[in-house]
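Inside the fold
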Amino acid sequence: MKPTYGRVSRYGLIAFASSLDQVGPFSHDVRDCALLMEAIAGHDRRDSTSVDRPVPAYTRTLDQPVTGLRIGVPKEFFGQGLDAEVGAAVRAALKEYEKRGATLVPISLPHSPYALAAYYIVAPAEASSNLARFDGMHYGHRTAEKVDLIATYSKSRAEGFGPEVQRRIILGTYVLSSGYKDAYYVKALKVRRLVKKDFDDAFATCDVVMGPTTPSAAFEAGEKSDDPLALYLSDVYTVSCNLAGIPGLSIPCGFTKAGLPIGLQLLGAPFEEEKLLRIARMYEAATDWHAKRPTL
Ligand SMILES: NC(=O)CC[C@H](N)C(=O)O
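Residues numbered from 1 in each chain as written. Predicted model: local features only at pLDDT ≥ 70, side-chain atom pairs only at ≥ 80, totals over all residues. Heavy atoms only, no water.

**Considering the site of the ligand**
Here is the rule: Here a residue is considered near a molecule or strand provided that any single heavy atom belonging to it is located within 4 Å of it. Under the rule applied, a polar contact is a pair of N or O atoms within 3.5 Å (in protein, one hydrogen donor and one hydrogen acceptor; residues adjacent in sequence only if both atoms are side-chain atoms). Note on areas: these come from Shrake-Rupley sampling with a 1.4 Å probe, and a residue is covered only by the protein chains present in the view. Secondary structure elements are defined from DSSP: runs of H or I of at least 4 residues count as helices, runs of E of at least 2 residues count as strands, and each element is numbered from the N terminus.
Residues in close proximity to the ligand include Tyr119, Tyr120, Arg168, Asp235, Thr238, Val239 and Asn242, which together make up its full environment. A distance of 3.1 Å is found between an oxygen atom of the ligand and a side-chain nitrogen or oxygen belonging to tyrosine 120. The contact in question runs from a nitrogen atom of the ligand to an N or O atom on the side chain of aspartate 235, over 2.8 Å. Protein contact buries 70% of the 290 Å² of open area that the ligand shows by itself. For the shell around the ligand, the secondary-structure elements that each account for two or more residues are α4 (115-130) and α9 (239-244).

Written as structure tokens, this is what we have:
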């Protein structure tokens with residue numbers, strides 16, 4: 001689960017992108033996720049972005065199905081680029097909900113096609129700023145070479161950051177630089193607001209939005225390392241949740257013929273983790289995908 005922005009303290013977390021970062025549980029099943037959320041959610045004076053509002057007893061209501069459940073199914077999450085096996089598994093999961101009394105509501109999140117581009121501007125911009133402190137003096141790795149101050153900075157950072165982190169620092173510095181800031185960073189912030197508004201509109205009529213977690217099943221380790229754009233495209237359905245600050249959850253809903261797991265993504269209105277967990281539990285109680293493991 002990725003909780004609502006501000007639901008869980010980030011104290012102790014290394015900052016990546018401060019307006020997106022949120023701690024969330026990985027778990028074997030929904031109950032474990034609810035248990036963990038009960039333990040970690042809530043206000044923390046050591047993180048000023050953590051929100052001071054009561055934490056529901058997630059485990060207590062977990063087994064209460066949501067009656068009259070309305071599921072928003074965005075057409076943008078089932079378009080070009082979605083692997084056929086993944087699409088079929090997600091549609092079968094939606095049918096399962098229908099069998100349990102849910103209504104599927106066709107919706108549109110019109111700005112979601114722009115979410116990926118906006119995310120890969122906002123996230124590197126913030127990362128480039130946050131990672132500035134890893135300069136070989138204040139934090140992190142320091143080069144063993146005895147060189148002058150400026151070379152110590154640059155060598156420490158060149159040695160300490162991997163290629164993907166370096167790429168993000170360079171991209172982030174570029175989109176924030178004077179002359180380009182309005183064209184990229186400020187524009188991305190505007191897109192972000194529109195992405196958030198799409199969800200506000202959707203949650204006015206639906207309890208939850210559902211779709212695939214990723215457009216295809218897992219790729220081989222390192223397979224896309226030389227093609228960052230292909231790598232970023234795997235995030236096409238999950239970045240909206242971060243940009244909008246809303247809670248999201250992925251649960252297993254099947255396997256591909258090759259034996260790789262497929263995820264069903266559930267997105268909820270801000271601070272509706274309790275409802276999201278109950279909806280996830282409805283599916284888990286009716287199926288046993290969560291108990292199956294891929295053969296490695
Ligand atoms: N929601 C997401 O998919 C965000 C994480 C993303 N994979 C990243 O690399 O920053």
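And the narrative resumes.
**Details of the packing of aromatic side chains**
Our working definition: Aromatic pairing here means that ring centres of Phe, Tyr or Trp (its six-membered ring) are within 6.5 Å. Orientation follows from the plane angle: under 30 degrees is stacked, over 60 is edge-to-face, and everything else is tilted. Throughout this description, buried means an accessible area under 20% of the type-specific maximum (1.4 Å probe, protein chains only), exposed means over 50%, and partly exposed covers the range between. Whether a charge sits over a ring comes down to the Lys NZ or Arg CZ being within 6 Å of the ring centre and within 35 degrees of the ring normal.
Tallied over the full model, the rule gives 11 aromatic pairs. Geometrically, the ring pair formed by phenylalanine 134 and phenylalanine 161 is edge-to-face, given 6.4 Å between the ring centres and 75° between the ring planes. Here phenylalanine 134 is found in the loop between α4 and α5 (149-160), whereas its partner phenylalanine 161 is found in the loop between α5 and α6 (163-176), with 27 residues between them in sequence. Its relative accessible area of 13% is what places phenylalanine 161 among the buried residues. Feature note: the residues Tyr119, Tyr120 and Tyr232 constitute an aromatic cluster, connected by ring pairs. Directly above the aromatic system of tyrosine 11 lies the positively charged group of arginine 46, at a separation of 4.3 Å from the ring centroid. A cation over a ring is seen here: arginine 53 above phenylalanine 271, with NZ or CZ 4.2 Å from the ring centre.

**Considering the packing of helix α1 (residues 30-40) against helix α10 (residues 273-286)**
Heads up, the condition is: Inter-axis angles, ranging from 0 to 180 degrees, are taken between N-to-C directions of lines fitted to C-alpha atoms, where helices are fitted over the stretch in contact. Relative orientations are named as follows: roughly parallel for angles under 35 degrees, roughly antiparallel for angles over 145 degrees, roughly perpendicular for angles from 65 to 115 degrees, and oblique for any other angle. Crossings are sorted by hand: turned counterclockwise from the far helix by less than a right angle, the near helix makes the crossing left-handed, and turned clockwise it makes it right-handed. The contact rule is simple, with two residues in contact once any of their heavy atoms fall within 4.5 Å.
At a minimum axis distance of 9 Å, the contact between α1 and α10 shows a crossing angle of 160°. Between α1 and α10, the angle falls in the class roughly antiparallel. Note on packing geometry: the crossing formed by α1 with α10 is left-handed. Along its contact with α1, which presents Val30, Cys33, Ala34 and Met37, the element α10 presents Glu273, Leu277, Ala280, Arg281 and Glu284.

**Brief notes about the UniProt feature "domain: Amidase" (unreviewed entry) in the protein chain**
Formally: UniProt positions are given in the numbering used here, feature names are shortened, and annotations may be inferred rather than shown by experiment.
This chain's UniProt record puts "domain: Amidase" (unreviewed entry) on residues 1-277. Helix and strand shares over residues 1-277 are 40% and 11% respectively, and the end C-alpha atoms of the span are 9 Å apart.

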